[in-house]
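One letter stands for each residue in the lines below.
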Amino acid sequence: DVLMTDDDRIVMCMFHMKYLLICNSNGSSVYTILLEGKPFSATTITDSIVAVTLLGQRVQVCDINRRVVLKTKQLPDPCWGIGFINNRLAVGGLGKIWTIDYQTGKITNTIQTGEDHYRLHTSGDRIISCYFKSYLTIYNLSGDNLFITTTSPSEIRGITSFHDESLYVLCKDGRFYHVSSDGQRYTPVETEGMSIIGGPLFWGRLCFNQRKQKLVLRDVDKVKIFHVC
């Protein structure tokens, strides 16, 4: 995964190395935080606090200023995607989404969905989910299935959102698409250099920082940052 904080730092899950890598957006001041397992997905809580799912059944909350793990939460089932919504973590699992108080580690709700949640993104009061598919499912906090987007041209690997509730997705074919807020239209983004590697992606992650108006694309060891006007 990849995140950009409001103070212009990039946070990346280093899946094979069991740590988070943090650096400035210009690549300077690189440091790491050692985790208890392989990090799969991450979300920003504040500029200094991030939460990470580990491959298996754990979530860890980290302070990236102090470079320490603050809390570890063991879940009853495997977990993957993670987001932050209404001061709660939203964590995707097998057929369910948990909401968790990140300060106490208490599970505040278990939303039964019938779908698995490989990727999660939160925006406003919506949870956007994808599981090795070419469409997205959008839920509210009550677990209601609000709508399913139409099928994208390729399997969706990364999700981020803009303030107007439209989405941007990075697909397995290496292409980048804008998705209308109702999920019915995919428009290719043809900005020069937007394709991260010019071909199929192995990983494929992206995030948009609204305050900085910057879009970050990542695939394995390659990162590109774009200013969005």
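Our subject in this report is the structure included herewith.

1. Looking at the layout of surface pockets
Item 1. One number sums up the size of the largest pocket: a volume of about 670 Å³.
Item 2. Along its surface, the largest pocket is lined by 33 residues, and T43, T44, H121, T122 and F208 are the ones closest to its centre.
Item 3. Only β1 (2-4), β5 (39-44), β8 (68-85), β12 (119-123), β16 (156-161) and β20 (205-209) provide two or more residues apiece to the lining of the largest pocket.
Item 4. At five residues, β12 tops the list of elements feeding residues into the lining of the largest pocket.
Item 5. Grouping the amino acids of the lining of the largest pocket by side-chain chemistry returns 13 nonpolar, 15 polar and five charged.

2. Comments concerning the pairing of strand β9 (residues 88-93)
Item 1. Along β9, five of the six residues are buried, which leaves the element largely enclosed by surrounding structure.
Item 2. Pairing analysis gives five bridges linking β8 to β9, with the strands arranged antiparallel. Bridge pairing links C79 to G93 in β9.
Item 3. Linking β8 to β9, which pair antiparallel, is a turn of two residues; within it N86 sits at a positive phi near 50 degrees.
Item 4. The sheet contact formed by β9 and strand β10 (residues 96-100) spans four bridges and is antiparallel. Bridge pairing in β10 links A90 to T99.
Item 5. Joining the antiparallel neighbours β9 and β10 is a turn of two residues, in which G95 adopts a positive phi near 70 degrees.

3. Remarks on the nonpolar core
Item 1. Counting 14 residues, the largest nonpolar core has L20, I22, I33, L35, V50, V52 and I64 as its most contacted members.
Item 2. Only β2 (9-14), β3 (19-24), β4 (31-34) and β6 (49-54) provide two or more residues apiece to this core.
Item 3. Looking at this core, the element that brings in the most residues is β6, giving three residues.
Item 4. The residues contacting L20, other than those within four sequence positions of it, are V11, M12, C13, Y31, T32, I33, L35, V50, V52 and C62.

4. Considerations on the environment of D116
Item 1. Relative to the helices and strands, D116 is located in the loop between β11 (107-112) and β12.
Item 2. Since its relative accessible area comes to 24%, D116 is described here as partly exposed.
Item 3. The contact partners of D116, leaving out residues within four places of it in the chain, are W80, G93, L94, G95, S129 and Y131.
Item 4. Side-chain polar atoms of D116 contact the backbone nitrogen of G95, separated by 2.8 Å.

5. So, the pairing of strand β18 (residues 176-179)
Item 1. Judged from the four bridges that link them, strand β17 (residues 167-171) and β18 form a sheet pairing that is antiparallel. Bridged to L167 within β18 is V179.
Item 2. Counted along the chain from β17 to the antiparallel partner β18, the turn is four residues long, and its residue G174 has a positive phi close to 85 degrees.
Item 3. In this sheet, strand β19 (residues 186-188) lies alongside β18 in antiparallel orientation, the contact comprising three bridges. Paired with V179 across the strands is Y186, a residue of β19.
Item 4. Here β18 hands over to β19 after six residues, with G183 in that stretch at a positive phi of 75 degrees.

6. Concerning the sheet that holds β19
Item 1. Overall, antiparallel pairing links the four strands, which are arranged β16-β17-β18-β19 in an open sheet. In the strand order of this sheet, the two ends are held by β16 and β19, each with one partner. Direction aside, the axes of adjacent strands within the sheet are offset by 30 degrees on average.
Item 2. Relative to β17, β16 runs antiparallel, the two being bridged by five bridges. Looking at the pairing, G158 lines up with L170 of β17.

7. Comments concerning the sheet that holds strand β7 (residues 56-63)
Item 1. Read across the sheet, seven strands follow the order β5-β6-β7-β8-β9-β10-β11 without closing on themselves; strand pairing throughout is antiparallel. What marks the edges here is a single partner per strand, and that holds for β5 and β11. Strand-to-strand twist of the sheet, defined as the mean angle between neighbouring strand axes without regard to direction, takes the value 25 degrees.
Item 2. Pairing of β7 with β8, which is carried by seven bridges, proceeds in the antiparallel orientation. Each bridged residue has a counterpart across the sheet, and for C62 the counterpart in β8 is V69.

Basis of the calculations
Counting of residues starts from 1 at the beginning of each chain's written sequence and follows it residue by residue. In keeping with the model being predicted, local features are shown solely for residues with a pLDDT of at least 70 and side-chain atom pairs are shown and tallied solely at 80 or more, while totals for entire chains, interfaces and linings include all residues. By convention in this description, side-chain values take in all heavy atoms of the structure and omit both hydrogens and water. Definitions used for this entry: grid spacing 1 Å over protein atoms alone; cavity, a set of points where a 1.4 Å probe fits but cannot get out; pocket, an open set with protein on both sides within 12 Å along at least 5 of 7 lines; lining residue, one with an atom within 4 Å of a point. Grid points are joined across faces, edges and corners, and a volume is the space filled by probe spheres set on the points. Only DSSP runs of H or I with at least four residues qualify as helices, and only runs of E with at least two residues qualify as strands; both kinds are numbered from the N terminus onward. Charged means Asp, Glu, Lys or Arg here, nonpolar means Ala, Val, Leu, Ile, Met, Phe, Trp, Tyr, Cys or Pro, and polar covers whatever is left, Gly included. Here's how the labels work: a residue is buried when its accessible area is under 20% of the maximum for its type, exposed when over 50%, partly exposed in between, all with a 1.4 Å probe on protein chains only. Each pair of strands is called paired provided DSSP finds at least two bridges between the two strands. Each nonpolar core is a collection of buried residues, namely Ala, Val, Leu, Ile, Met, Phe, Trp, Tyr and Cys, held together in the definition by side-chain atoms within 4.5 Å. Residues are treated as being in contact if the distance between any of their heavy atoms lies within 4.5 Å. Here a polar contact means two N or O atoms within 3.5 Å. Within protein one must be a hydrogen donor candidate and the other an acceptor candidate, and residues neighboring in sequence count only if both atoms are side-chain atoms. All axes are obtained by fitting lines to C-alpha atoms, using only the stretch in contact for helices, and the reported angles, taken between N-to-C directions, cover 0 to 180 degrees.

The analysis is restricted to geometry; functional conclusions fall outside its scope.
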